[in-house]
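Listed below are the residues making up each chain.
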Amino acid sequence: MRLHRLLLTAVSGMLSFDLLAGEFLQPCSEGVWGYEERVETLIDTATETSRGEALSLSRWPSFASESGVRLDNSNQVHAVHFEKSLWAEGRRSLGALDFSSAQVPVRHSQAPIAPELAERIRRTFNQAILSSRRSERFGLDGVSYAFTLPDAGCASAWSPEPESRSGQLVHLMKLLDAHANAPDPAESEGRIAALLDVLEDADSAP
């Protein structure tokens, strides 16, 4: 009976830790073999933006092609989708884990967003990045996300639960990605504003 209680306590602690981890982003770690840096560089080139100037949101899936979103200083939302996996292409063509010269074709689209909405987006990611915490949560498969904002730094998430705060930030990234191709910008901005309301309400809760 005592062993049973100990196991329940351990499992409960693990679940609590996992849920807590999903509520906070993690500070970005150093990239591997230049892969992440190369992804970011290709997105910067496609959008003609810089991570030193724009809000940068990047997605690195384990078994699919990479993608990224940029919100620049003129309030243009850029969406970039790699047409091939840079990870797979780099390993195949270079024959080594060095991605510094790896190339893949990309698709780029963009659309303006209301200035007041753009400011709310920046403020939301700024707060999330600045409140990031170290965590031992990791995995070999899944999807990694990196969020970078000038003066705030870089924070990341790995396959967060959709209902967690990190999951909601990932959903905001997806809404911005869709906005770059939205047939009805007003409707798209409405969905973004509604999610920002949820995130801001959570920030203001005691």
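Everything that follows concerns the structure shown earlier in this document.
Residues numbered from 1 in each chain as written. Predicted model: local features only at pLDDT ≥ 70, side-chain atom pairs only at ≥ 80, totals over all residues. Heavy atoms only, no water.

A. Quick peek at helix α5 (residues 165-179). Counted at 1.5 Å a residue, the expected span for α5 with its 15 residues is 21 Å, and the 21 Å between its end C-alpha atoms agrees. Of all 15 residues that make up α5, twelve are buried, and the element is covered over most of its length. Within the span of α5, buried status applies to Arg 165, Ser 166, Gly 167, Gln 168, Leu 169, Val 170, Leu 172, Met 173, Leu 175, Leu 176, Asp 177 and His 179. (Helix = DSSP H or I, 4+ residues; strand = E, 2+ residues; numbered from the N terminus. Expected span 1.5 Å × (residues − 1). Buried < 20%, exposed > 50% of the residue type's maximum accessible area, 1.4 Å probe, protein only.)

B. The arrangement of the packing of helix α4 (residues 115-130) against helix α6 (residues 185-204) in detail. One way to put it is that α4 packs onto α6 with a least axis distance of 10 Å and a crossing angle of 40°. Put simply, α4 runs oblique to α6. For the pair α4 and α6, the sense of crossing is left-handed. Where α4 abuts α6, its residues Leu 117, Arg 120, Ile 121, Arg 123, Thr 124 and Gln 127 lie against Glu 189, Ile 192, Ala 193, Leu 196, Asp 197, Leu 199, Glu 200 and Asp 203. Of the residues belonging to the contact of α4 with α6, the class tally is six nonpolar, two polar and six charged. (Axes fitted to C-alpha atoms, helices over the stretch in contact; angles between N-to-C directions. Parallel < 35°, antiparallel > 145°, perpendicular 65-115°, else oblique. Left-handed = near helix turned anticlockwise from the far one by under 90°. Contact = heavy atoms within 4.5 Å. Nonpolar A, V, L, I, M, F, W, Y, C, P; charged D, E, K, R; others polar.)

C. Local environment of the environment of Val 77. Residue position: Val 77 is located in strand β4 (residues 76-82). We classify Val 77 as buried; its relative accessible area is 0%. When the C-alpha atoms of Val 77 and Gln 110 are compared, they prove to be 5.4 Å apart, with 33 residues separating the residues in sequence. Excluding residues that lie within four positions of it along the chain, Val 77 makes contacts with Val 69, Arg 70, Leu 71, Ser 109, Gln 110, Ala 111, Ile 113, Leu 176, His 179 and Ala 180.

D. How the structure looks around α6. The end-to-end C-alpha separation of α6 is 28 Å, in line with the 28 Å expected for 20 residues at 1.5 Å each. Residues Ser 188, Ile 192, Ala 193, Leu 195, Leu 196 and Leu 199 constitute the buried set of α6. Here the buried face of α6 lies against α4 and α5.

E. The arrangement of the sheet that holds strand β1 (residues 26-27) in detail. Strand order in the open sheet formed by seven strands is β1-β7-β6-β2-β3-β4-β5, with antiparallel pairing between adjacent strands. Of all the strands in the sheet, just β1 and β5 (106-112) have a single pairing partner and so form its edges. As defined by bridge partners, strand β6 (residues 143-149) adjoins strand β7 (residues 153-158) across six bridges and the pair is classed as antiparallel. When the bridges of β7 are listed, Phe 147 appears paired with Ala 155. (Pairing = 2+ DSSP bridges.)

F. Summary view of the environment of Ala 118. Within the element layout of this structure, Ala 118 appears in helix α4. For Ala 118, a relative accessible area of 0% translates into the label buried. Sequence spacing of Ala 118 and Ile 192 is 74 residues, and the spatial spacing of their C-alpha atoms is 10.0 Å. Ala 118 has contacts with Leu 71, Asn 75 and Ile 113, leaving out every residue within four places of it along the chain.

G. Representation of the packing of α5 against α6. Where α5 meets α6, the closest approach of the two axes is 10 Å, and the angle between their N-to-C directions is 165°. Considering their axes alone, α5 and α6 lie roughly antiparallel with respect to each other. Our pair here, α5 against α6, has a crossing hand that is left-handed. The segment α5 lies against α6, with Arg 165, Gln 168, Leu 169, His 171, Leu 172, Leu 175, Leu 176 and His 179 engaging Pro 185, Ser 188, Glu 189, Arg 191, Ile 192, Leu 195, Leu 196, Val 198, Leu 199, Ala 202 and Asp 203. For the contact of α5 with α6, the per-class residue count stands at eleven nonpolar, four polar and four charged.

H. Expanded view of the nonpolar core. In terms of nonpolar packing, the biggest core is built from 32 residues, with Ile 113, Ile 121, Phe 147, Leu 176 and Ile 192 touching the most fellow members. Mapped by element, the contributors of at least two residues to this core are β2 (55-61), β3 (67-71), α4, β6, β7, α5 and α6. Once residues lying within four places of it in the same chain are set aside, the contact partners of Ile 113 are Leu 71, Asn 75, Val 77, Ala 118, Ile 121, Leu 176, His 179, Glu 189 and Ile 192. (Core = buried A, V, L, I, M, F, W, Y, C linked by side-chain atoms within 4.5 Å.)

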